[in-house]
Every structure is written in structure tokens, then in C-alpha cells.
Amino acid sequence: MGIYVLGIAGASGAPYARRVLEQMLLANHDVKVVITDSGRKVLDVEENLLLTGNTDADTPLVLEWANGNGATGTLQLYHHQDVAAPIASGSFGIDGMAVVPCSGGTMGRIAHGISNGLLERAADVCLKERRRLVLVPREMPLSLIHLRNMTAVTEAGAIVLPASPGFYHNPKSINDLIDMVAGRILASLGIDSPVMKPWLGADPHSYSEEGLH
Ligand SMILES: Cc1cc2nc3c(=O)[nH]c(=O)nc-3n(C[C@H](O)[C@H](O)[C@H](O)COP(=O)(O)O)c2cc1C
């Protein structure tokens, strides 16, 4: 199947990364994962996943964390300073990359071509090779610098997909909110998944003058 890069930076939103990784593996894709130091910190805080930075030791932990029951895809974890990894070169073909979540710092480095780590370099490669790159920031409020950096990456060809779930699917749980964002990320990469629930229009019986119920 396809080859995808999943970058995990140090913004809040590790559960989105878990769901995206799980669905990529369930869909039988080959996933190359890069996690920044701050990304590891947030994984610890939000998901209780403590990684050492040693890819040999961390790979099974990340697989267990993603927990795609019955997954047939493969996962390869690269150290974020391993700039000699295959995904650091445009000659290594991939089908797309997502940075989930994408910190303001990582967004800024990608926007300015500052590729001093593998995650930013892999994103830089996607832009120069005109490959699909989906960046998922989570910040509020946004400064003018954040907005300008998002404009710059969009002009360079990336898709900025903010982690801002809607409520029109009437979510019943936090998992429903996670899935709304994860589904859109996967769809933006061209990956079919059951997590993506298209809007089929409001039920006319649930609509009144007062609005949606
Ligand atoms: C628990 C925690 C939550 C954070 N949440 C965010 C966030 O939502 N958005 C953001 O841009 N940065 C957030 N940060 C700050 C980034 O981790 C920090 O700016 C870091 O330098 C980014 O590094 P990276 O871009 O190499 O991952 C958070 C940090 C921690 C420890």
C-alpha cells in the first residue's frame, strides 16, 4: 500500500496522532514516524506514553500505543535528528506526510525552510517535491506570526488543517471529537477510513425555526 510520514510535534493533541497512526496501520500502509523532543514530552503528559528517544526501544511502545487491532501496516520510527533517514531525501518516494499535532515552532521552521531536524526536513522535501503535506496546528489565540507562517506554508502547497472539531455531528464523547479531526486528516491525505463521517445534510425532522436539535 502507500508510504506515509507521520510527524508528531510538541503541540497539544497527541490523541489525534494516535488515531491517525492507528487508521494508517489498519489501512495497511507503511508509516514512517518522527517525534520531536517536545512531541515526546506531550505524549507523556497527554497519553502517558514515555519514550526514550531510542528508536529500537520505542518502536514497540509506539505500536502498542497506536493499537490498531488487526493492523497489517508497518511502522518505522526514526529519531528526529536522523537527517540521513530515507525520508530526508526527495529520491525516496512517499505518498504524503502529516504533522499531527504541529506546534507553532515546527510550523514556523517549516514555513521558513529551517530544516535542522528530520521532521522539518521531511516536510521541506514534501514541499519541494510537490507532495501532499498536511499540518495540524493547535493553538489559541493565534498571533500574527502564527497566521503569517500558516499563510506561507499554504502558499508553498501545504494544507493547514487546524485541530478544531465541529459539533454538527452531535458528538457524544471525546473520541467522537478526536475522530472528527483524525478523519479529516486521513481524508486530506487521500486515505479512506471509517473514522471519516461525511456530512449528509441535516435531518429535516430535527430542524425547526429555532435551529438544529
Ligand atoms: C504539555 C504541553 C502542551 C503544549 N501545547 C502546545 C500547543 O498546543 N501548541 C503549541 O504550538 N505549542 C505547545 N506547547 C509548546 C511546544 O511544545 C514548544 O513550543 C516546543 O518548543 C515545540 O517544539 P517542537 O516544535 O520541536 O515540537 C506545549 C508544550 C507542552 C509541554
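Description of the structure in this document.

Conventions we followed
- Residues numbered from 1 in each chain as written.
- Predicted model: local features only at pLDDT ≥ 70, side-chain atom pairs only at ≥ 80, totals over all residues.
- Heavy atoms only, no water.
- Buried < 20%, exposed > 50% of the residue type's maximum accessible area, 1.4 Å probe, protein only.
- Helix = DSSP H or I, 4+ residues; strand = E, 2+ residues; numbered from the N terminus.
- Expected span 1.5 Å × (residues − 1).
- Arc of directions from axis to C-beta.
- Contact = heavy atoms within 4.5 Å.
- Core = buried A, V, L, I, M, F, W, Y, C linked by side-chain atoms within 4.5 Å.
- Near = heavy atom within 4 Å.
- Polar contact = N/O pair within 3.5 Å; in protein donor to acceptor, adjacent residues only side chain to side chain.
- Areas by Shrake-Rupley, 256 points an atom, 1.4 Å probe, with all protein chains shown as cover.
- Nonpolar A, V, L, I, M, F, W, Y, C, P; charged D, E, K, R; others polar.
- Axes fitted to C-alpha atoms, helices over the stretch in contact; angles between N-to-C directions.
- Parallel < 35°, antiparallel > 145°, perpendicular 65-115°, else oblique.
- Pairing = 2+ DSSP bridges.
- Salt bridge = Lys/Arg side-chain N within 4 Å of Asp/Glu carboxyl O.

## A look at helix H4 (residues 104-111)
Within H4 the residues assigned to the buried category are Thr106, Met107, Gly108 and Ile110. One or two positions beyond H4, positive phi appears at Gly113, with a value near 65°.

## So, helix H6 (residues 144-155)
Here H6 is 12 residues long and its end C-alpha atoms lie 16 Å apart, about the 16 Å a rise of 1.5 Å per residue gives. For H6, the set of buried residues is Asn149, Met150 and Val153. Down the axis of H6, the sector holding all buried residues measures 100°, keeping them to one side. Among the exposed residues of H6, those oriented more than 90 degrees off its buried face are Leu144, Arg148 and Glu155. Taken together, the buried residues of H6 touch H4, strand S5 (133-137) and strand S6 (159-160). Phi for Gly157, located one or two positions after H6, is positive at around 115°.

## Considerations on the nonpolar core
Counting 35 residues, the largest nonpolar core has Leu6, Leu21, Val33 and Ile185 as its most contacted members. The leading source of residues in this core is helix H1 (residues 14-26), at 7 residues. The residues contacting Ile185, other than those within four sequence positions of it, are Val20, Ala98, Val100, Val136 and Leu161. Among the nonpolar cores identified, the runner-up in size contains 24 residues, and Ala88, Met97, Met107 and Leu118 belong to it.

## Thoughts on the site of the ligand
In the region of the ligand, 13 residues are neighbours, and Gly10, Thr36, Ser103, Gly104 and Thr106 sit closest. At a separation of 2.7 Å, an oxygen atom of the ligand approaches a polar side-chain atom of Thr36. Here Arg109 contributes a side-chain N or O atom positioned 2.9 Å from an oxygen atom of the ligand. Burial of the ligand by the surrounding chains reaches 66%, relative to a free accessible area of 640 Å². Of all the secondary structure elements, the ones that give two or more residues to the shell around the ligand are helix H2 (37-47) and H4. The biggest single contributor to the shell around the ligand is H4, with 3 residues. Residues belonging to the shell around the ligand are distributed by class as follows: 3 nonpolar, 7 polar and 3 charged.

## What to know about the packing of H1 against helix H3 (residues 55-66)
At a minimum axis separation of 8 Å, H1 and H3 run at an interaxial angle of 90°. The orientation of H1 with respect to H3, classified from their angle, is roughly perpendicular. Only Val62, Leu63, Trp65 and Ala66 of H3 make contact with H1, whose side of the interface consists of Ala14, Ala17, Arg18, Leu21, Glu22 and Leu25. Grouping the constituent residues of the contact of H1 with H3 by class yields 8 nonpolar, no polar and 2 charged.

## Some thoughts on the side chain of Asn149
The topology assignment puts Asn149 in helix H6. Among all residues touching Asn149, those that are not within four sequence positions of it are Met107, Gly108, Ala111 and His112.

## A few points about the pairing of S5
The element S5 is largely enclosed, with a buried count of 5 among its 5 residues. What you see with S5 is no split at all: Leu133, Leu135 and Pro137 on one side and Val134 and Val136 on the other are buried throughout. As paired strands, strand S4 (residues 96-102) and S5 are joined by 4 bridges and run parallel to one another. Counted as the bridge partner of Ala98 is Val134 from S5. Two elements, S5 and S6, share 2 bridges in a ladder whose sense is parallel. Of the residues in S6, the one forming a bridge with Leu135 is Val160.

## A few points about the pattern of salt bridges
For the structure on display, the rule yields 9 salt bridges. Notably, a salt bridge pairs Arg109 with Glu120, separated by 2.5 Å at the nearest N-O pair. Taken together, the positions of Arg109 in helix H4 and Glu120 in helix H5 (residues 118-128) put the pair 11 residues apart, joining distant regions of the chain. By relative accessible area, which is 5% here, Glu120 ends up buried. As a salt-bridge pair, Arg121 and Asp124 come within 3.7 Å of each other at their nearest N and O atoms. Note that Arg121 and Asp124 are positioned in helix H5 at a spacing of 3 residues, about one turn of the helix. Asp124 gets classed as partly exposed once you look at its relative accessible area, which sits at 22%. Here the residues in one salt-bridge network are Arg19, Glu22 and Asp179, joined through shared partners.

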